[in-house]
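Residues per chain are reported as follows:
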Amino acid sequence: MKLTAFTQLIVVLAVTAWVFILPVQAVAIILALELALLLYIKHDRLTLAAIGALTIFTGMMILLQLLFRSPLNVALIGGLRMFVMTTAFLCLLAATRIQDIAQALVEKFHLPYEYAFMLTTALRFVPDFLVDSEATLDAQSCRGYSNRGNVFKRFFSYLAVVKPLVMRAVAKSDTLALSMELKGFGSNTYKNMKPQRLQMADYLVLLVTLILSTYSFWVGKI
Amino acid sequence: MSEAVIKFKDFHFAYLNSEVVLHDINMEIRPGSFTVLAGHSGAGKTTLCKAMAGIIPHYYGGRYAGDVEVLGESTQGKKVADLAMDLGLMLEDYESQLVSLTAGEEIAFGLLNHGFNPDEVELRTKKALEDVGLPGRENYQLDELSGGQRQRLLLASLLAVHPKILILDEPVSAMDPQGALSLYKLLNKIYQEYKMTIVVVEHNINFVLPYVTDLVVVEEGRIAAQGAFATAAKQVYEQENLRHMLPALWQIKFNLEDKFHLSLGAWRSEDEGLAEISKKFERVVVER
């Protein structure tokens, strides 16, 4: 069963809303379900690293709240809610290609196509940027760049790497813009793609999401 | 001679806040030709290519005079994307010209933008990948492809719109000789199959010698030589500062012609040259 990006986005948005509405026990159950789902979809090192990084970040958020004198239970519940929300997005990214998400955002949510394209382009240039940064680091090391010393010293010496890297990125973005112009980038890009049609599974999931989201309203009426 | 596919008429150009980089360009590219555009670094070759694609002056701005015609129509007032339907341009930094995440999407990108329906896009994508020797790679992520494969992918994305003219700006500048020869072999195959006009910016004409039909040499923003390869090569040979641009084989050929007052053929390979030399000099020895 493969859900369309639109359905998955709706579910993620619904989960985000539930996190604030539902009691903490229910939120914890959602978290367990999310983690199980995420590890079912993808259980490689990258996914585990993402969960680990998210856990550390959540811990930092909780600490920060405690520093600002929030009660412990408030800090913990806040951290849990954030963790659940972010894990929902991790599930989305693990299950769907970013291109499909971008298409759904334009097609169904009417996001301007420029912003949707930005999503995919940013991802496209991450590997290139890493390669460039390595090359620049090597080149500057040959010219005497060293990352030794205290934090400030290292920060200022790192500018020697950042500056040429930024210049390269700007030059690349200029070529990219020119290339997009040559290829006629515009509103047609997403308009002419094969539309993402909802299947029976999508309708079912959307219906269940709707029922769960409006559950308290129904219970009150009945 | 049928009408030129690209025609420069008294064209001058200067980038914003810069000196004039192209002076009085009068140049024609014949339909169906395989033209090599040569010249020293900074001579204006890339600017000339961008002017052919309509990018100059419409995209970069700047000052210009004269006109550039592509397929009989002036590039003035034409959108760069519309021109790109007839004229594909591969820039030197081809890596940054790739905009999508997978090979299939890269080719589909331009086609979808130009309003082709998804089924047609699928067909053309498949064919274009086959043409450049990357069949079945539609779902490959760009980082799964090598540098050479990425270049072929860009070539495929240009071919997919079936342009009449293909312009490549120093396509082999970062390649080893074997890779360069292989790319030009592929380009020649495409040239033969699609019967298109090809313009290549190349410093090392040795690579394209078997395929080239026409030559244009640019020197300090001016046309120093142009025409059918044999004629233009002779013009280049006569200018001592440009002579080194010619393939070594043709420098030998012109030297021999000068020294022995011979008329030698248009050599495309060393074997061809050697065969003719052996034949001519054997005769000379026999006559003596």
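Residues numbered from 1 in each chain as written. Chains lettered and ligands numbered in written order. Predicted model: local features only at pLDDT ≥ 70, side-chain atom pairs only at ≥ 80, totals over all residues.

Caption draft 1: Just the sheet that holds strand 1 (residues 6-14) of chain B, in detail. Residue and element names in this part refer to chain B. If you walk across this open sheet you meet the 4 strands as 2-1-4-5, and the pairing is antiparallel. Both outer strands of the open sheet, strand 2 (20-29) and strand 5 (73-74), are each paired with one neighbouring strand and no more. Strand contacts of helix 1 (residues 45-52): strand 1, strand 2 and strand 4 (63-70), with the helix running at about 120 degrees to strand 1, the strand carrying the most contacts. (Pairing = 2+ DSSP bridges. Helix = DSSP H or I, 4+ residues; strand = E, 2+ residues; numbered from the N terminus. Contact = placed C-beta atoms within 7 Å. Axes fitted to C-alpha atoms, helices over the stretch in contact; angles between N-to-C directions.)

Caption draft 2: Structural detail: the environment of G77(B). With respect to the helices and strands, G77(B) occurs in the loop between strand 5 and helix 3 (80-83). Sequence spacing of G77(B) and H58(B) is 19 residues, and the spatial spacing of their C-alpha atoms is 8.2 Å.

Caption draft 3: View of the interface of chain A and chain B. Across the boundary between the two partners, chain A contributes 24 residues, which contact 24 residues of chain B. At 8 residues, the largest contribution of residues to the side of chain A that touches chain B is made by helix 7 (residues 151-182) of chain A. Broken down by class, the residue content of the side of chain A that touches chain B amounts to 8 nonpolar, 10 polar and 6 charged. (Nonpolar A, V, L, I, M, F, W, Y, C, P; charged D, E, K, R; others polar.)

Caption draft 4: Quick peek at the packing of helix 1 (residues 5-21) of chain A against helix 9 (residues 200-213) of chain A. All names here are of chain A. For the pair helix 1 and helix 9, interaxial distance at closest approach is 10 Å and the crossing angle is 15 degrees. In terms of orientation, helix 1 and helix 9 fall into the roughly parallel class. Classified by chirality, the crossing of helix 9 by helix 1 is left-handed. Residue-level contacts link T7, I10, V11, A14 and A17 of helix 1 to D202, V205, L206, T209 and S213 of helix 9. Split into classes, the residues belonging to the contact of helix 1 with helix 9 amount to 6 nonpolar, 3 polar and 1 charged. (Parallel < 35°, antiparallel > 145°, perpendicular 65-115°, else oblique. Left-handed = near helix turned anticlockwise from the far one by under 90°.)

Caption draft 5: Focus on the sheet that holds strand 9 (residues 214-219) of chain B. Residue and element names in this part refer to chain B. Strand order in the open sheet made by the 6 strands is 6-7-8-3-9-10, with mixed pairing throughout. A single partner strand is all that each edge strand has here, and the edge strands are strand 6 (87-90) and strand 10 (222-228). Strand-to-strand twist across the sheet, computed as the mean angle between neighbouring axes with direction ignored, equals 15 degrees. The sheet contact formed by strand 3 (residues 34-39) and strand 8 (residues 197-201) spans 4 bridges and is parallel.

Caption draft 6: Representation of the pairing of strand 6 of chain B within the structure. All names here are of chain B. Residues L87 and L89 line one face of strand 6 and the alternating positions G88 and M90 line the opposite face, and both faces are buried. When strand 6 meets strand 7 (residues 165-169), the two strands line up parallel, connected through 4 bridges. Considered in strand 7, the bridge of M90 is made with L168. (Buried ≥ 20, exposed ≤ 12 C-beta atoms within 10 Å, placed from the backbone.)

Caption draft 7: Main features of the environment of Y145(A). Residue and element names in this part refer to chain A. Assignment of secondary structure puts Y145 in the loop between helix 6 (113-142) and helix 7. Sequence separation between Y145 and A75 is 70 residues; the distance between their C-alpha atoms is 43 Å. Other than its neighbours up to four places away in sequence, Y145 contacts Q140, S157, A160 and V161.

Caption draft 8: View of helix 5 (residues 98-107) of chain A. The set of residues buried in helix 5 of chain A consists of I101(A), A102(A), Q103(A), A104(A), L105(A) and V106(A). On its buried side, helix 5 of chain A packs onto helix 1, helix 6 and helix 8 (188-191) of chain A.

Caption draft 9: Local environment of the confidence of the model for chain B. Mean pLDDT over chain B: 91, with 97% of residues reaching 70 or higher. Here the prediction assigns the complex a pTM of 0.82, and the interface score ipTM is 0.83. (pLDDT = per-residue confidence, 0-100.)

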